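# Descriptive structure summary
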Amino acid sequence: MKTNDYVKYLTQTVVKYADQPKEERLKNKQERKAEKSSFLFRWFGILPFVLMSMINRKR
C-alpha cells in the first residue's frame, strides 16, 4: 500500500467517524465493550475458565 493510499484511507475513516452522531458513537463503543472477552480469558486463554468451572462444580 502506497503512502498516498494510506493517507486517503485514514482521512476517509476520520471523516466517517466525525459524521456520526454522538449517540451512535457511544452506542457502538458500548457494543464493542460488551463483545470483548474477560480480562482473564484474553490474557491467559481458556485455563482460568476451566479452573473456575471446576471450582463452581465442586460447590
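Scope of this entry: the structure provided in the associated data block. Bear in mind the structure is a predicted one, so any value in this text is a computation, not a measurement. (Residues numbered from 1 in each chain as written. Predicted model: local features only at pLDDT ≥ 70, side-chain atom pairs only at ≥ 80, totals over all residues. Heavy atoms only, no water.)

In terms of helices and strands, the protein carries 4 helices and 0 strands. Counting helices and strands in the order they occur from the N terminus, the protein gives α-α-α-α. Rg of the C-alpha trace for the protein: 20 Å, well past the compact-globule value of 10 Å for 59 residues, more than 25% over. Viewed in the frame of its principal axes, the protein has a C-alpha envelope of about 60 × 30 × 10 Å. Expressed as a percentage of the 59 residues in the protein, the buried residues total 2%. For the protein, the computed accessible surface area is about 6100 Å², with 61% contributed by carbon and sulfur atoms. Between the averaged position of the 14 positive side-chain charges in the protein and that of its 6 negative side-chain charges there is a distance of 13 Å. (Helix = DSSP H or I, 4+ residues; strand = E, 2+ residues; numbered from the N terminus. Rg over C-alpha atoms; globule rule 2.2 N^0.38 Å. Buried < 20%, exposed > 50% of the residue type's maximum accessible area, 1.4 Å probe, protein only. Areas by Shrake-Rupley, 256 points an atom, 1.4 Å probe, with all protein chains shown as cover. Lys, Arg positive; Asp, Glu negative; His and termini not counted. Charge placed at Lys NZ, Arg CZ, Asp CG, Glu CD.)

What follows is about a positive patch on the surface. A cluster of basic side chains, namely Lys29, Arg32, Lys33, Lys36 and Arg42, defines a positive patch on the protein surface. Top contributing element to the positive patch by residue count: helix H2 (residues 22-35), with 3 residues. Tracing the sequence through the fold places Arg32 in helix H2. (Patch = residues over 30% accessible without salt bridge, like charges linked within 9 Å, V, L, I, M, F, W, Y side chains within 5 Å. Salt bridge = Lys/Arg side-chain N within 4 Å of Asp/Glu carboxyl O.)

Take the packing of aromatic side chains next. Taken as a whole and assessed by the stated rule, the structure comprises 0 aromatic pairs. Sitting over the ring of Tyr17, Arg25 keeps its end group 5.2 Å from the ring centre. (Phe/Tyr/Trp six-rings, centres within 6.5 Å; stacked < 30°, edge-to-face > 60°. Lys NZ or Arg CZ within 6 Å of the ring centre and 35° of its normal.)

Looking now at a nonpolar patch on the surface. Taken together, Phe41, Ile46, Leu47, Phe49, Val50, Leu51 and Met54 make up a surface patch of nonpolar side chains, about 680 Å² in accessible area. At 5 residues, the largest contribution of residues to the nonpolar patch is made by helix H4 (residues 47-58). Structurally, Val50 is set in helix H4. Under the relative-accessibility criterion, Val50 is labelled partly exposed at 35%.

Tracing the sequence through the fold places Lys22 in helix H2. Expressed as a C-alpha distance, the spacing of Lys22 and Met52, which sit 30 residues apart in the sequence, is 39 Å.

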